[in-house]
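# Topology and contacts: notes
Take a look at the letters that make up each chain.
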Amino acid sequence: MERNLKSLVNKNILLGVSGGIAAYKSAEIVRHLRKVGASVHVVMTKSAEEFITPLTLQALSGNRVSTELLDVEAEAAMGHIELAKWADGILIAPATANTLARLANGRGDDLLSTITLAFDGPISLAPAMNQAMWGDERTQDNIKKLETQNFQICGPGSGEQACGDVGMGRMLEPLEILDLFSYSFNEGKMAGKSILITAGPTQEPIDPVRFITNRSSGKMGYSLAQSAIDYGAKVTLISGPVNLEPPSNCNFISIKTADEMFEAVMHHVNDKDVYIGTAAVSDYKPAKMQNNKIKKDGSNSSITLELEENKDILKSVSALKHRPFVVGFAAETNDVIENAEKKLSSKDLDLIVANDVSKKEIGFDSEENEVTLVTSADNYLIERQSKKKVSNKIIEFISERIND
Ligand SMILES: Cc1cc2nc3c(=O)[nH]c(=O)nc-3n(C[C@H](O)[C@H](O)[C@H](O)COP(=O)(O)O)c2cc1C
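Residues numbered from 1 in each chain as written. Predicted model: local features only at pLDDT ≥ 70, side-chain atom pairs only at ≥ 80, totals over all residues. Heavy atoms only, no water.

## Re the overall build of the protein
- Looking only at helices and strands, one finds 14 helices and 19 strands in the protein.
- Along the first, second and third principal axes, the C-alpha atoms of the protein reach 90 × 45 × 35 Å.
- Pairs at least 24 apart in sequence give 68% of the contacts found in the protein among residues at least 6 apart.
- Measuring between centres, the 44 positive side-chain charges of the protein sit 4 Å from its 55 negative side-chain charges. (Helix = DSSP H or I, 4+ residues; strand = E, 2+ residues; numbered from the N terminus. Contact = heavy atoms within 4.5 Å. Lys, Arg positive; Asp, Glu negative; His and termini not counted. Charge placed at Lys NZ, Arg CZ, Asp CG, Glu CD.)

## Focus: the sheet that holds strand β17 (residues 351-356)
- The strand order β12-β11-β8-β13-β16-β17-β18-β19 describes an open sheet built from 8 strands, whose pairing is mixed. Since the sheet does not close on itself, it has two edges, and those belong to β12 (251-254) and β19 (379-386), each with one partner. Taking each pair of neighbouring strands and ignoring which way they run, the sheet shows an average axis angle of 15°.
- Sheet topology places strand β13 (residues 274-277) next to strand β16 (residues 325-332); 4 bridges connect them, and they run parallel. Bridged to Tyr275 within β16 is Val326.
- Contacts between helix α14 (residues 387-402) and the sheet are confined to β13, β16, β17, β18 (368-374) and β19, with β19 contributing the most and set at about 155° to the helix. (Pairing = 2+ DSSP bridges. Axes fitted to C-alpha atoms, helices over the stretch in contact; angles between N-to-C directions.)

## Overview of helix α11 (residues 258-268)
- Regarding α11, the residues found buried are Ala258, Met261, Phe262, Ala264 and Val265.
- Against β8 (194-199), β9 (204-207), β11 (234-239), β12, β13 and α12 (313-318) lie the buried residues of α11. (Buried < 20%, exposed > 50% of the residue type's maximum accessible area, 1.4 Å probe, protein only.)

## Topic: the packing of helix α10 (residues 219-230) against α14
- Contact geometry of α10 with α14 gives a least axis separation of 8 Å together with a crossing angle of 55°. Taken together, α10 and α14 sit at an angle that is classed as oblique. Both α10 and α14 take part in a crossing whose hand is right-handed. The residues of α14 that touch α10, namely those facing Lys219, Met220, Ser223, Leu224, Gln226, Ser227, Ala228 and Asp230, are Lys387, Lys388, Val390, Ser391, Asn392, Ile394 and Ile395.
- Of the residues belonging to the contact of α10 with α14, the class tally is 6 nonpolar, 5 polar and 4 charged. (Parallel < 35°, antiparallel > 145°, perpendicular 65-115°, else oblique. Left-handed = near helix turned anticlockwise from the far one by under 90°. Nonpolar A, V, L, I, M, F, W, Y, C, P; charged D, E, K, R; others polar.)

## What about the nonpolar core?
- Judged by nonpolar contacts, the single largest core of 32 residues is most densely connected at Leu15, Val17, Ile29, Val42 and Leu57.
- Aside from chain neighbours lying at most four places away, what touches Ile29 is Leu15, Leu91, Ala93, Met171, Pro174, Ile177 and Leu178.
- Counting 31 residues, the second-largest nonpolar core is a separate cluster that includes Met190, Ala199, Tyr231 and Ile382. (Core = buried A, V, L, I, M, F, W, Y, C linked by side-chain atoms within 4.5 Å.)

## Re the pattern of salt bridges
- Under the definition given, this model contains 20 salt bridges.
- A salt bridge links Arg102 to Asp109; the nearest nitrogen and oxygen atoms lie 2.8 Å apart.
- What makes Arg102 buried here is its relative accessible area of 12%.
- Here Glu396 ties to Lys189 by a salt bridge, and the two come within 3.1 Å at their closest N and O atoms. (Salt bridge = Lys/Arg side-chain N within 4 Å of Asp/Glu carboxyl O.)

## Describing the domain arrangement of the protein
- Here the protein is partitioned into domain 1 (5-185) and domain 2 (194-283 + 304-402).
- On a C-alpha basis, the centres of domain 1 and domain 2 stand 36 Å from each other.
- Across the boundary between the two partners, domain 1 contributes 5 residues, which contact 6 residues of domain 2.
- In total, domain 1 and domain 2 occlude about 450 Å² of area from one another, counting both sides; carbon and sulfur atoms represent 51% of this.
- Our count for the contact surface shared by domain 1 and domain 2 stands at 1 salt bridge.
- Taking the shortest distance from any N to any O, the salt bridge between Lys393 and Asp179 comes out at 3.7 Å.
- For the interface between domain 1 and domain 2, the tally reads 1 residue pair in polar contact (both at pLDDT 80 or more).
- Counted by class, the side of domain 1 that touches domain 2 contains 3 nonpolar, no polar and 2 charged residues. (Domains from an automatic or database assignment. Buried area = accessible area lost by both parts, 1.4 Å probe. Polar contact = N/O pair within 3.5 Å; in protein donor to acceptor, adjacent residues only side chain to side chain.)

## Here we look at the side chain of Thr202
- With respect to the helices, strands and loops of the structure, Thr202 is situated in the loop between β8 and β9.
- What Thr202 contacts, discounting residues up to four positions off in sequence, is Ile212, Thr213, Asn214, Lys256, Thr257, Ala258, Met261, Ala280, Val281 and Ser282.

## Description of unusual backbone geometry
- A cis amide bond, omega 0°, links Ala93 with the succeeding residue Pro94.
- Relative to the assigned elements, Pro94 resides in strand β3 (residues 89-95).
- Between Gly155 and Pro156 the backbone carries a cis peptide bond, its omega angle lying at 5°.
- Not every positive phi belongs to a glycine, and Asp335 is a case in point at roughly 40°.
- Structurally, Asp335 can be placed in the loop between β16 and α13 (336-346).

## As for the pairing of β16
- Among the 8 residues in β16, 7 count as buried, and that is most of the element.
- Here 6 bridges tie β16 to β17, and the two strands are oriented parallel to one another. Within the sheet, the bridge partner assigned to Gly328 lies in β17 and is Ile352.
- For the crossover from β16 across α13 to β17, the handedness is right-handed. (Right-handed = clockwise from strand over helix to strand, strands pointing away.)

## Section: a nonpolar patch on the surface
- On the surface, Ile21, Tyr24 and Phe51 cluster together into a nonpolar patch covering about 340 Å² of accessible area.
- Here Phe51 lies in the loop between β2 (39-44) and α2 (54-61). (Patch = residues over 30% accessible without salt bridge, like charges linked within 9 Å, V, L, I, M, F, W, Y side chains within 5 Å. Areas by Shrake-Rupley, 256 points an atom, 1.4 Å probe, with all protein chains shown as cover.)

As structure tokens, then:
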């Protein structure tokens, strides 16, 4: 069974199919869902029937395919409200531009859209359409609206399309979609676990008005904290100064200097199952903080700032007698994996998350990330996607390692 599909076992999944070329792939989605032990009920839009027959999906799902809202016979058997109550999750794949627009606007003018209104669990959508339709401002506005309404958007991917165009809009492959969809059912995988996360930069004072810092935005650490909470963990977040709201249900500790972060970590780490050090802790600090602002007095064209090394927080946590599962981050600009492997062994970590910060689109302050999870046994690439999705995958990976 695929790594992440375990959460779909014994789930009741309502698969919505709308009218796009990729509808032929719905048959494969049904097969995978059945294979992992989910029950499947398919609901098709009118247009979808032009692309794939209900008979095929009925044979594969083992359940009658529903297509009509105003069908007396169907309503008497399993009507729209019963279907909404029966389902643990809804996946619509493919989701056409039209279906996205109708869902974004809360329409209930066919069976599928009406069920989504009556349903209050997780709904995932796998958009599939021509690249121009996907790029259209109205489609993009609908996607943004759906995201804020907590629909999970799986894809689309890019590449060659059925119509011959090349670009964004291809439906993701069935297993990629199911992998993402399965995250909706992962809550609780970290239930009962305590996690300590550090995030953001530190500030090392030179004098009362100046300090040394770095460009860490804290986004990755905050996103990991939220994911860990979503998965049921109790989270303590120790953060340097950033422009982010901490998740509402975590124990939040604000610090400025590397020394303060060290103290806070050592104070809170004892009862933790996992320690994740995403903070960009300054390696050095001014050897002496000047009590008064350093003035330019005209006699010196240069001044020297003496720096001394800060304590290594990650190494100190790994060295504890009763240590948690220790996760480090390696932001590298060259020989990314090699450098991460060196850090993994020199700091005696259980896992290191390596990312190439020389790439602008996945660097420090970007919305997306691509990372490789490196352990002493194996490497696992998480391809470029939103930091939120990357965080979910990292937490999922850690949960599997600590629950082994
Ligand atoms: C051959 C053909 C292929 C189509 N493929 C797509 C598609 O991949 N994605 C899409 O959004 N619309 C596609 N359409 C348009 C939809 O079928 C149309 O917008 C329809 O109203 C969708 O209805 P539904 O969302 O209720 O299923 C296609 C139309 C035709 C004729």
